[in-house]
Amino acid sequence: MRTIRLFSLCAAVGLLAACGGGGGDDPAPPSQPVTFAMRTETGGAEQEFRYSTTSPEFIARARAQLLLPVANRKTFPAGAIAAGNGGVNLNWGWHFTDLSLVEAAIELCDGSPAMVQADLGYWLNTVKRFCPWSGYVHSEVAADTTQRDLAIGQTREIASLKISIELRDIVDNRCPAAAICVSAGHAEAQLWVRIGGQAAQPLTLTLGAGARDRQATLGGLRFTLDSLSPYPVNDPIPKAQYRASVTVGRV
């Protein structure tokens, strides 16, 4: 369990959104909303709740959390709520109208998704916010079957196929651009794939391996490693810099 977070100054003055702020120029917003699934430490999939946004700041902050082990995802969701699922929040009778990832919030809005659902009138009309202290960003939910810019440690859910994929590791034996090699070599992307409610299974995709290039099948689905960047030039590339593009389709 995480250490209980105390009410902080930023919550006291109503600046929850500012707690997760950052400097620098804001990137252009994505053309389509990005959806994130969140869970609580004490609840499983039945306590999952979701939020969809085009905010570049929130998307960047949530994706940064997904690069960390679950135990190290110390920020939790906090935001205003309204009636209905908002078209994204699964079967819950409420949804976030705005959301921040924070490190502290008042105890009044702490709870679980089920607690909110069980007493909607109180939460919607009196509390008006939801900030589960044990909440964390669980995964990114993708509408497209092509997962771009997938970093090591990130998990993506593909709702249309009811699967989740995690990029566990990269093995890059490609010949550096500035070198002379006997062979061009190839790269591997090691995935962890969960289909429906089944146990997760390992899966390795290759790029530049001739007849074995790019794809593998599992559970009636074909997985293709479309690209892996950056391409090695001289020195080994730190694994945190790799980004993979993976497409999933039915066989």
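In this numbering scheme, every chain counts its residues from 1 along its sequence in written order. Only residues with pLDDT of at least 70 are given local features in this predicted model, and only at 80 or more are side-chain atom pairs given and counted; all residues enter the totals for whole chains, interfaces and linings. Derived side-chain values reflect all non-hydrogen atoms in the structure, with water molecules and hydrogen atoms excluded from consideration.

## Focus: the overall build of the protein chain
Thought 1: Counting from the N terminus, the helices are DSSP H or I runs at least four residues long and the strands are E runs at least two residues long. For the protein chain, the count of helices and strands is 4 helices and 15 strands.
Thought 2: Here the protein chain has roughly 12700 Å² of accessible surface; of this, 53% comes from carbon and sulfur atoms. For the accessible areas, the method is Shrake-Rupley and the probe is 1.4 Å, while residue cover comes only from the protein chains on display.

## Some details on the packing of aromatic side chains
Thought 1: The criterion for an aromatic pair is that two Phe, Tyr or Trp rings (for Trp, the six-membered ring) have centres within 6.5 Å, with stacked assigned to planes under 30 degrees apart, edge-to-face to planes over 60 apart and tilted to the rest. Applying the stated rule across the entire model yields 12 aromatic pairs.
Thought 2: Taking 5.6 Å as the distance between ring centres and 85° as the angle between the ring planes, the aromatic pair formed by Trp94 and Phe96 counts as edge-to-face. The burial state of Trp94 is the same as that of Phe96; both residues are buried.
Thought 3: Linked through ring pairs, Phe36, Phe49, Tyr51, Phe58, Trp92, Trp94, Phe96, Tyr122, Trp123 and Phe130 together constitute an aromatic cluster. Here the term buried applies to any residue with accessible area under 20% of the maximum for its type, exposed to any over 50%, and partly exposed to those in between, with areas from a 1.4 Å probe on protein chains only.

## Some thoughts on the nonpolar core
Thought 1: The biggest cluster of nonpolar side chains holds 28 residues, and the ones touching the most others in it are Phe36, Ile81, Trp94, Phe96 and Phe130.
Thought 2: No other element matches the 4 residues that helix H2 (residues 56-66) contributes to this core.
Thought 3: Residues Leu150, Leu191, Ala216 and Tyr242 belong to the second largest nonpolar core, which totals 26 residues. What we call a nonpolar core is a set of buried Ala, Val, Leu, Ile, Met, Phe, Trp, Tyr and Cys residues that are connected through their side-chain atoms within 4.5 Å.

## Examining the pairing of strand E2 (residues 49-53)
Thought 1: Among the 5 residues in E2, 4 count as buried, and that is most of the element.
Thought 2: Relative to E2, strand E1 (residues 34-40) runs antiparallel, the two sharing 5 bridges. Looking at the pairing, Met38 lines up with Phe49 of E2. When DSSP finds at least two bridges between two strands, those strands are taken to pair.

## Regarding the state of the cysteines
Thought 1: What counts as a disulfide here is a pair of cysteine sulfur atoms lying within 2.5 Å. Taken as a whole and assessed by the stated rule, the structure comprises 2 disulfides.
Thought 2: The disulfide that involves Cys109 links it to Cys131, with 1.7 Å between the sulfurs. Between Cys109 and Cys131 the sulfur-sulfur dihedral comes to about 90°; the bridge is accordingly right-handed. Remark: Cys131 occurs in the loop between strand E6 (129-130) and strand E7 (135-142) and Cys109 occurs in the loop between strand E5 (100-102) and helix H3 (113-118); sequence separation between them is 22 residues.

## As for the sheet that holds E1
Thought 1: The mixed open sheet is built from 7 strands, whose spatial order is E2-E1-E7-E9-E10-E11-E12. The sheet is open, and its two edges are formed by E2 and strand E12 (201-207), each paired on a single side. Averaged over all pairs of adjacent strands, the angle between strand axes in this sheet comes to 35°, irrespective of strand direction.
Thought 2: Two strands pair when backbone bridges link them, and strand E11 (residues 187-195) and E12 are joined in this way by 7 bridges, in the antiparallel orientation. Bridge pairing in E12 links Glu188 to Thr206. Fitting a line to C-alpha atoms yields each axis, with helices limited to the stretch in contact; the angle taken between N-to-C directions then spans 0 to 180 degrees.

## Examining the sheet that holds strand E15 (residues 243-250)
Thought 1: In spatial order, the strands read E8-E15-E14-E13; together these 4 strands make up an open sheet with antiparallel pairing. Of all the strands in the sheet, the pair left with one neighbour each is strand E8 (146-150) and strand E13 (215-218). Sheet twist, expressed as the average angle between the axes of neighbouring strands with direction ignored, equals 20°.
Thought 2: As paired strands, strand E14 (residues 221-229) and E15 are joined by 8 bridges and run antiparallel to one another. By the bridge assignment, Leu221 is partnered in E15 with Arg250.

## Concerning the layout of surface pockets
Thought 1: Detection works on a 1 Å grid of protein atoms alone, calling trapped sets that fit a 1.4 Å probe cavities and calling open sets with protein on both sides within 12 Å along at least five of seven lines pockets, with lining residues defined by an atom within 4 Å of a point. Grid points are joined across faces, edges and corners, and a volume is the space filled by probe spheres set on the points. Roughly 570 Å³ of volume is contained in the largest pocket.
Thought 2: Looking at the largest pocket, it is lined by 23 residues, and the ones nearest its centre are Arg39, His138, Glu157, Ser164 and Arg194.
Thought 3: At the level of secondary structure, the elements contributing two or more residues to the lining of the largest pocket comprise strand E9 (155-158), strand E10 (163-172) and E11.
Thought 4: Top element by residues in the lining of the largest pocket is E10. It accounts for 4 residues.
Thought 5: Note on residue classes: Ala, Val, Leu, Ile, Met, Phe, Trp, Tyr, Cys and Pro are nonpolar, Asp, Glu, Lys and Arg are charged, and everything else, Gly too, is polar. Residues of the lining of the largest pocket, tallied by class, amount to 10 nonpolar, 5 polar and 8 charged.

## Regarding a nonpolar patch on the surface
Thought 1: Patch membership requires over 30% relative accessible area and the absence of a salt bridge. Like charges are linked within 9 Å, and nonpolar side chains (Val, Leu, Ile, Met, Phe, Trp, Tyr) within 5 Å. By definition, a salt bridge exists where a carboxyl oxygen of Asp or Glu is found within 4 Å of a side-chain nitrogen of Lys or Arg. Taken together, the side chains of Ile106, Leu108 and Tyr122 define a hydrophobic patch exposed on the protein surface, amounting to about 250 Å² of accessible area.
Thought 2: Along the chain, the position of Leu108 falls in the loop between E5 and H3.

## Some details on the pattern of salt bridges
Thought 1: For the structure on display, the rule yields 8 salt bridges.
Thought 2: Linking Glu157 and Arg50 is a salt bridge whose minimum nitrogen-to-oxygen distance equals 3.1 Å. Of this pair, Glu157 sits in strand E9 while Arg50 sits in strand E2, and the two are 107 residues apart along the sequence.
Thought 3: When the shortest N-O distance is used, the salt bridge between Arg156 and Glu140 registers 3.4 Å. Highlighted residues: Arg156 in strand E9 and Glu140 in strand E7, separated in sequence by 16 residues. Across this residue pair, the class does not change: Arg156 and Glu140 are buried.

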